[in-house]
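Take a look at the letters that make up each chain.
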Amino acid sequence: MAKREGIKDSYDLVVIGAGPGGYVAAIRAAQLGMDVACVESESREGGLGGVCLNWGCIPTKAMLESANLARHIKDGAADHGIRVKGYELDIGAAVTRSRQISDRLTKGVKFLFDKNGVMPIFGRAKLPGGKKLEVQLKGGASSTISASNIIIATGSRPKTFPGFEFDGERVVSSREALEIRKPPGHIVIVGAGSIGMEFADIFNAFGANVTIVEILPQLLPLEDAEIAGVVERSFKKRGIKVKKKTGIKSLEKLDTKLLVTVEGASGEEVIECDTLLMAVGRTPNVEDLGLEAAGVKLDDDGWIAIDELGRTSAEGIYAIGDVAGMPMLAHKASHEGIVAVEQIAGLPTHPLAREDVPSCTYCHPEVASIGRTEGQAKEDGHQVKVGKFPFSANGRALAAGAPDGMVKIVADAQYGEVLGVQMVGHNVTELIAETGLGRALETTVHEIAATVHAHPTLSETVMEAALAALGRPIHI
Amino acid sequence: MASRIVMSKLSPTMEEGRVLKWVKQEGDPVESGDVVVEVETDKATMEVEAMGSGVLRKILVQEDATVPTGTTLGVVAAEDEDISAILEESRAVAPATVQATASVQGPATMEPSAPVVPSAAPSPAGDGGRLKASPLAKRMADERGIRLEALRGTGPGGRIIKRDIEAAASAGVPAAAATAPVIDYDIPYERVELSQLRKAIARNLIQSLGPIPHFFLTREIDMGEVLKLRGELNESLAESGAKIGVNDIIVKTAAQALSEHPDVNVSFAGDHIRRFTRVDVGIAVAVRDGLITPVLRDAASKGLRQISAESRELIARARNRKLAPEDYQGATFTISNLGMYGIDEFTAVINPPAATILAVGATQEKPVVVDGAVAIRPRMRVTLSCDHRAVDGAMGAEFLATFAEMLENPLRMVL
């Protein structure tokens, strides 16, 4: 166990960044008996947990729950025999609640560090070369630490385009959007990936006019087109405006308004709005780390180049999570952190198979997927059988008032291997885990179909989709 | 801090390595950089150095064991350091994957089936009697006719997964014996088409015992006449220096009996049976680290003296490792004699491509009833192992009856 009385001169492992990749790696290393420190540059009180706990996964999920409740009160409660009169929407209160949840979790990371003996160091780390770190401490002093091994887990930050620079108030990234305490009259969201879609859902539920602008021909461009279509119909029904195949040209900031010029199939158009949320992707935090001095090379796309065990081009230096490549997802970062640490410890480990990383979007209806889509599987040269099952034929989904949704399993025609699964609908982000386990164990649709799924549950849709892939669904 | 000695991946193709020699023993002090253990990879012998200093507290993988890369081989730690967590962790992963190298590859040469699969060695994935394979791997193996038992799994805990099946398929691992590739031997044969009944028998029996469904027939034979004959023959041959052994007579008799029962001189070849038109008798010979079976060609048409001379020469060459492949491959029948070790009777494992093997026990004086009275007679017990896909009980029994009758009435052989 590390002593907590102060920063030591050397550690077995120093992790740079306390996000979901870094803090998990640090805890795992401590479990394996290493002397570990974790450097975090976030100066906010608490500060641990990275974007995920502070400004990403967790607070957005809190806001989406608030949005969902608002929508139920507005549209669904009366059907249930609950007539709500005179309710008010207060996005500020919802933001406060989301911050409390974030705080609770970041404190949880602190507790886990204490419990496992991980030394947190608040400051900014730089690699001067070799297995050393110079840390500019939060208080102003600096400290040089040597480490047998270093894991870089510095994450990523939102990016934008020239002419659309963030100003923190009207032109915002997801980070500032999480602290908007007064709903904008009209918000334009550029980018219909997971982040853009989730904020569209939140602001729509809290009464803002929302316009989504996406350059590609479908919302959620990385997902199956049919699945994305279900979300698009739902969004449009709720009054969210969708502009696909539309690019942004310029931005004019007036005193009271923003004028966003976009260009789509029907030519240029100027959209007037109060807030512009740029959700066009994230860029890895590779600057000012001394990567060059340390001999850590980047790949052609600007991420730190790693092998399947997280090793960089510099001996003893590893990189995990967003800074080390796509997909930029917390659960991928955590898994890579464990793999890197177990590799350092010389344990057999389980390298990440990127096609086995599930992807989830928590707007309503939710979207979850793993592996290959039908189109991708065919491109790979597979003969596929696709089994689909709609939520409208599932009792539990109907009881929940959520008939919009489906599960789609793409199976290899010969052996029934589960090549990919796509889902849309109520709580599908929870349903995807079964298929992830299935893929990890090389389960085929035969076993999924033969597994007893409790009735009535949404999980029956997975079993039925597997049956459908075998050509023998019961309930459709 | 404790450090592990690990079977590292020393080359891109390395998936496992063998522990050759522990240079340090448990309790020895170790400095960082000391050579602790020598390991053998797929390409070379390598020295593994300690990453930390302390004492070699624990050796987890013994010499001669082969383990996957990444396996913890031992732990270096301070003398009083608590390493229980590391041991626990290593145990959790190790036992399922660690396994000793298959001891003797048997007489690998006896199995000419091209890609050698140590079918006798326990399947690594079958650790503890349960075959560990993913559902997808099982389905693929089933469809492609690949025997899971013959594969080594590379998944967690030695589990056979998709990539193992794909590797096996591209490496041409033989399928289940019922559909195994048939190797052509230079033995003349005629093709016998399988009846539906024969196909059904083959299909069913393959499920029972390994790739070749064995059954066994035992019979006791009076050797009085044979011993008498041997005495007379050797007396008459005394001047020439030649000497006939009991085993030579057994070889000759078996060859003769087989030529009278051609249905037993066969090989099961998947979609047909090969009924050999020549009797090539393999003679199992124990050599220093195993067993080899030189083949006496066309034994039925050779005289005792020639058989004796040839087998003496073959056995000598076998013991001196001077046999060429054509000397030991492709017997149509095999004789394994453990009589000189005082074995009363035993069962032998069939040596492909033959469908039968005869296990010969010691000839011993025993009280038996002869013509209503107890007499002391030299008796020998033999057991015929048969490949049930090709040879049925009655066929084997009839062959044995002829064989016994010939030994008990050696004159019968002249007929």
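Residues numbered from 1 in each chain as written. Chains lettered and ligands numbered in written order. Predicted model: local features only at pLDDT ≥ 70, side-chain atom pairs only at ≥ 80, totals over all residues.

Colleague: Help me out: how do you make sense of the overall build of chain B in this one?
Modeller: Across its full length, chain B carries 9 helices and 20 strands. Expressed as a percentage of contacts within chain B between residues at least 6 apart in sequence, the contacts between residues at least 24 apart total 65%. (Helix = DSSP H or I, 4+ residues; strand = E, 2+ residues; numbered from the N terminus. Contact = placed C-beta atoms within 7 Å.)

Colleague: Got a minute to help me understand unusual backbone geometry in this structure?
Modeller: Excluding glycine, residues mostly have negative phi values, and the peptide bonds linking residues are mostly trans. Omega for the bond connecting Met 326 of chain A with Pro 327 of chain A falls within 30 degrees of zero, at -10°, which places this linkage in the cis form. Of note in this structure, Asp 371 of chain B is not a glycine but carries a positive phi near 50°.

Colleague: How do you make sense of the sheet that holds strand S17 (residues 295-296) of chain B when you look at a structure like this?
Modeller: Across a sheet, paired strands are connected by hydrogen bonds in the backbone, their directions being either parallel or antiparallel. Residues and elements named next belong to chain B. Taken in spatial order, the 6 strands make up an open sheet running S11-S20-S19-S18-S14-S17, and their pairing is mixed. Looking at which strands have only one partner, the edges of the open sheet turn out to be strand S11 (214-222) and S17. Note that strand S14 (residues 281-283) and strand S18 (residues 333-337) share 3 bridges and pair parallel. Across the sheet, the residue bridging to Ile 283 is Ile 335, located in S18. (Pairing = 2+ DSSP bridges.)

Colleague: Please explain the sheet that holds strand S10 (residues 189-193) of chain B as it appears in this structure.
Modeller: Residues and elements named next belong to chain B. In space, the 3 strands of this open sheet follow the order S10-S13-S12, with antiparallel pairing throughout. In this open sheet, the two strands that pair with only one neighbour each are S10 and strand S12 (266-268). Across the sheet, the mean angle from the axis of one strand to that of its neighbour is 25°, orientation sign disregarded. (Axes fitted to C-alpha atoms, helices over the stretch in contact; angles between N-to-C directions.)

Colleague: Could you clarify how one ought to interpret the confidence of the model for chain B in this entry?
Modeller: Low pLDDT means the predicted coordinates in that region are not meant to be read closely. On average, residues of chain B carry a pLDDT of 80, and 82% of them reach 70 or more. Across the whole predicted complex the pTM is 0.63, and at the interface the ipTM reaches 0.76. (pLDDT = per-residue confidence, 0-100.)

Colleague: When you look at the packing of helix H1 (residues 22-31) of chain A against helix H4 (residues 91-116) of chain A in this model, what are you seeing that I'm missing?
Modeller: The geometry of a pair of packed helices is captured by two quantities: the angle between their axes and the separation between those axes. Residue and element names in this part refer to chain A. Relative orientation of the contacting elements H1 and H4 amounts to 20°, with a least axis distance of 9 Å. Considering their axes alone, H1 and H4 lie roughly parallel with respect to each other. Judged by the sense of rotation from one axis to the other, the crossing of H1 with H4 is left-handed. Residues Tyr 23, Ile 27, Ala 30 and Gln 31 of H1 form the contact with H4, whose own contacting residues are Val 109, Leu 112 and Asn 116. The class makeup of the residues in the contact of H1 with H4 is 5 nonpolar, 2 polar and no charged. (Parallel < 35°, antiparallel > 145°, perpendicular 65-115°, else oblique. Left-handed = near helix turned anticlockwise from the far one by under 90°. Nonpolar A, V, L, I, M, F, W, Y, C, P; charged D, E, K, R; others polar.)

Colleague: Where do I start with H1 of chain A in this structure?
Modeller: Each α-helix winds once per 3.6 residues, and so residues spaced three or four apart point in a common direction. Residue and element names in this part refer to chain A. Across the 10 residues that make up H1, a large majority, 9, are buried. Those residues of H1 that are buried lie in contact with strand S1 (10-16), strand S2 (36-40), helix H2 (50-55), H4, strand S5 (142-152) and helix H9 (330-344). At the exit of H1 stands Gly 33, carrying a positive phi of roughly 90°. (Buried ≥ 20, exposed ≤ 12 C-beta atoms within 10 Å, placed from the backbone.)

Colleague: Explain the packing of helix H6 (residues 246-260) of chain B against helix H9 (residues 393-408) of chain B to me, please; I cannot follow it from the model alone.
Modeller: All names here are of chain B. Where H6 contacts H9, the axes come no closer than 9 Å and their chain directions differ by 135°. Compared by their axis directions, H6 and H9 come out oblique. The handedness of the crossing between H6 and H9 is right-handed. For the pair H6 and H9, contact is made by Thr 253, Ala 254, Gln 256, Ala 257, Leu 258 and Glu 260 and by Phe 399, Thr 402, Phe 403, Met 406 and Leu 407, respectively. Of the residues in the contact of H6 with H9, the class split is 7 nonpolar, 3 polar and 1 charged.

Colleague: So what exactly am I meant to see when it comes to the environment of Gly 393 of chain B here?
Modeller: Residues and elements named next belong to chain B. In this fold, Gly 393 is placed in helix H9. Look at Gly 393 and you get exposed, because 12 C-beta atoms sit within 10 Å. Spatially, the C-alpha atoms of Gly 393 and Phe 216 are 8.4 Å apart, while their sequence positions differ by 177 residues. Sequence-distant contacts of Gly 393, that is, excluding residues within four places in its chain, are made with Phe 215 and Leu 217.

Colleague: Could you clarify how one ought to interpret the interface of chain A and chain B in this entry?
Modeller: Many analyses report the size of an interface as the accessible area lost when the parts associate. Facing 17 residues of chain A, the contacting portion of chain B comprises 20 residues. Its residues assigned to classes, the side of chain A that touches chain B shows 6 nonpolar, 6 polar and 5 charged.

Colleague: Just checking my understanding: could you explain the pairing of strand S2 (residues 16-22) of chain B for this structure?
Modeller: Consecutive side chains along a regular strand alternate between the two faces of the sheet. Residues and elements named next belong to chain B. With 3 bridges joining them, S2 and strand S7 (residues 65-68) adopt antiparallel strand pairing. Bridge assignment links Glu 16 to a residue of S7, and that residue is Pro 68. The pairing of S2 with strand S4 (residues 35-40) spans 4 bridges and is antiparallel. In the strand pairing of S4, Lys 21 is matched with Glu 38.

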